[in-house]
Amino acid sequence: MSLQGFLSASAAAGHADDDQVSIIASLAEAAKSIDHLVRRNSIVADLGTETGGANADGDHQKALDVKAEGLILEHLSATNAAALLSEEQDDAVLLDPDGSVIVAVDPLDGSSNISVNVTIGTIFSLLPSHGDAAANTLQAGRHQLAAGFFTYGPQTTLVLTFAGGGDVAGFILCPDSGEFIRSGGALSVPADTKEFAVNSAYTNYWFPPMKQWMDDTLMGKSGPCEKDYRMRWIASLVADGWRILQRGGIFLYPADQRPGNETGRLRLVYEANPIGLLMERAGGMAIDGVNPILDLVPENLHQRVPLFFGATSEVKRLQHHHSSAD
Ligand code: F6P
Ligand code: MN
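Worth saying up front: this structure is predicted, and the values here are computed from it rather than measured.

Asks: How should the coordination of the manganese ion (ligand 2) be read in this particular structure?
Replies: Octahedral metals with six donors have ideal donor angles of 90 or 180 degrees. Tetrahedral metals with four donors have an ideal donor angle of 109.5 degrees. The protein atoms that coordinate the manganese ion (ligand 2) are Asp106 (OD), Asp109 (OD) and Glu271 (OE), at distances of 2.0 to 2.2 Å. Linear spacing of the donor residues for the manganese ion (ligand 2) on their chain is D-x2-D-x161-E. Residue Asp109 is found in strand β5 (residues 101–109), and its partner Glu271 is found in helix α7 (residues 268–281); the two are separated by 162 residues along the sequence. What makes Asp109 buried here is its relative accessible area of 4%. Given a relative accessible area of 3%, Glu271 falls into the buried group.

Structure follows, in structure tokens:
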């Protein structure tokens, strides 16, 4: 089934309204343009060079960060989206004052992988606007209407879910037809796993609950978990997320004691919320250590949070270490 067919079926089943459907379709067109840039630009390395600018959070911007956001804004401007919230902007970009949907995006996730030909992506989240977009930018993820992400890697993929119902659905961009085609049935995250994803280079900076989880994990069969684990870390949230939706696992990006990371590194509005909706709808969990990500009310657009998601048994083990530390 094509993405267009899936969107029509979702609207017919009452899982999404026409505005949501047309916005997702326009994001898919933007993703195809980003994919085109990534695959065909003869000087790909240049897309990974720094522009000299920084985003709202002080991160150095790469050329592709800026181009990707431009393409998304261009496509969304042709819809009746009420506003764009972007990791690359200080404030909301107000679009159609009558629009019913606010779109939050991380235009180019995993930028450190741009110039080394490793999977990168685009993450999106749709929120209701309630008439005044500017007054509705700080909503808990529980209010999301839809969420998903694209990956640009060996395959270009999309994973998508509507809060109103239906599957967490995966799609692959067919290079021949230029269409996203559904790949398999509903995605679900098994409760148990032997695979974890974490950047363990920061172990020294971790707080005790995370250290405890890792110590127990690394003891393997001889420890409390009574099993040996494998580790994967792609350094693109989208690529680790896609893998977990395909074959399970747990992803961990804890807060740590490095300056600026004390309350986490990943962004609530642009990264954790959409992943949180996908995980919960796929039978997994996403927490900040203690609370479900979807229950957090953002204090500002660029708020960072610790993020743990995937297999429920492993997320609960991590949650247990946090609650016994309180
Ligand atoms: O968007 C931030 C991000 O690039 C994620 O995609 C990825 O999971 C993480 O940062 C990688 O962080 P680090 O470079 O600290 O391993
Ligand atoms: Mn990102």
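There is more to say, and it comes next.
Asks: Would you mind showing me how to read the layout of surface pockets here?
Replies: In this approach the atoms are scanned with a rolling probe the size of a water molecule, which exposes any empty space left behind. In this structure, the largest pocket encloses a volume near 570 Å³. Elements represented by at least two residues in the lining of the largest pocket include exactly β2 (60–62), β5, α6 (237–247), β13 (250–253) and β14 (266–267). The element contributing the most residues to the lining of the largest pocket is β5, with 3 residues. By residue class, the composition of the lining of the largest pocket is 8 nonpolar, 7 polar and 12 charged.

Asks: Got a minute to help me understand unusual backbone geometry in this structure?
Replies: With glycine set apart, most residues show a phi of negative sign, and most peptide bonds adopt trans. The phi dihedral of Glu226 is positive, around 55°, even though this residue is not glycine. For Glu226, the position within the fold is in the loop between α5 (208–218) and β12 (230–231).

Asks: Even after reading the chapter, I still don't get the sheet that holds strand β4 (residues 93–94), so can you show me in this structure?
Replies: Hydrogen bonds between backbone atoms are what pair the strands of a sheet, whose relative direction is either parallel or antiparallel. Taken together, 8 strands build an open sheet; the order of strands is β4-β3-β5-β6-β7-β8-β9-β10 and the sheet is mixed. Each of the sheet's edge strands pairs with one partner strand only, and the pair in question is β4 and β10 (180–182). Contacts from α6 reach β5, β6 (120–128), β7 (146–152), β8 (156–162) and β9 (169–173), with the element oriented near 110° to β7.

Asks: Honestly, the site of ligand 1 in this entry has me stumped. Any pointers?
Replies: Contacts to ligand 1 come from 13 residues, most closely from Asp109, Tyr202, Leu237, Tyr253 and Glu271. In the model, an oxygen atom of ligand 1 is placed 3.0 Å from a nitrogen or oxygen of the Trp233 side chain. At 2.6 Å from an oxygen atom of ligand 1 is found a side-chain nitrogen or oxygen belonging to Tyr253. For ligand 1, whose free accessible area comes to 400 Å², the fraction covered by protein is 88%. With respect to the detected pockets, ligand 1 is housed in the largest pocket. When the residues that make up the shell around ligand 1 are grouped by side-chain class, the tally is 7 nonpolar, 3 polar and 3 charged.

Asks: Any chance you could explain the domain arrangement of the protein chain here in plain terms?
Replies: For interface size, the figure often reported is the accessible area lost on association. The domain boundaries assigned to the protein chain delineate domain 1 (3–182) and domain 2 (195–325). Each of domain 1 and domain 2 was reduced to a C-alpha centroid, and the two centroids are 23 Å apart. Between domain 1 and domain 2, the residue contacts involve 51 residues of the former and 32 residues of the latter. For the pair domain 1 and domain 2, the summed buried area comes to about 3000 Å², and 62% of that belongs to carbon and sulfur atoms. Across the domain 1-domain 2 interface, the total number found is 2 salt bridges.

Asks: Sorry, what's going on with the pattern of salt bridges here?
Replies: When charged atoms on two side chains of opposite charge get close, those side chains can pair. Enumeration over the complete set of coordinates arrives at 13 salt bridges. Among the salt bridges present, the one from Lys227 reaches Glu314, with a minimum N-O distance of 3.6 Å. Here Lys227, found in the loop between α5 and β12, pairs with Glu314, found in helix α8 (residues 312–325); they are 87 residues apart in sequence, far enough to count as distant. We note a salt bridge from Arg317 to Glu314, for which the minimum N-O separation is 2.7 Å. With Arg317 and Glu314 both in helix α8 and 3 residues apart, this pair spans about one turn of that helix.

Cut-off values and rules
Residues numbered from 1 in each chain as written. Chains lettered and ligands numbered in written order. Predicted model: local features only at pLDDT ≥ 70, side-chain atom pairs only at ≥ 80, totals over all residues. Heavy atoms only, no water. Donors = N, O, S within 2.8 Å, 3.2 Å for Na, K, Ca; no water. Helix = DSSP H or I, 4+ residues; strand = E, 2+ residues; numbered from the N terminus. Buried < 20%, exposed > 50% of the residue type's maximum accessible area, 1.4 Å probe, protein only. 1 Å grid on protein atoms, 1.4 Å probe; cavity = no way out; pocket = protein on both sides within 12 Å on 5 of 7 lines; lining within 4 Å. Points joined across faces, edges and corners; volume = space filled by probe spheres on them. Nonpolar A, V, L, I, M, F, W, Y, C, P; charged D, E, K, R; others polar. Pairing = 2+ DSSP bridges. Contact = heavy atoms within 4.5 Å. Axes fitted to C-alpha atoms, helices over the stretch in contact; angles between N-to-C directions. Near = heavy atom within 4 Å. Polar contact = N/O pair within 3.5 Å; in protein donor to acceptor, adjacent residues only side chain to side chain. Areas by Shrake-Rupley, 256 points an atom, 1.4 Å probe, with all protein chains shown as cover. Sits in = over half its atoms within 2 Å of the grid points. Domains from an automatic or database assignment. Buried area = accessible area lost by both parts, 1.4 Å probe. Salt bridge = Lys/Arg side-chain N within 4 Å of Asp/Glu carboxyl O.

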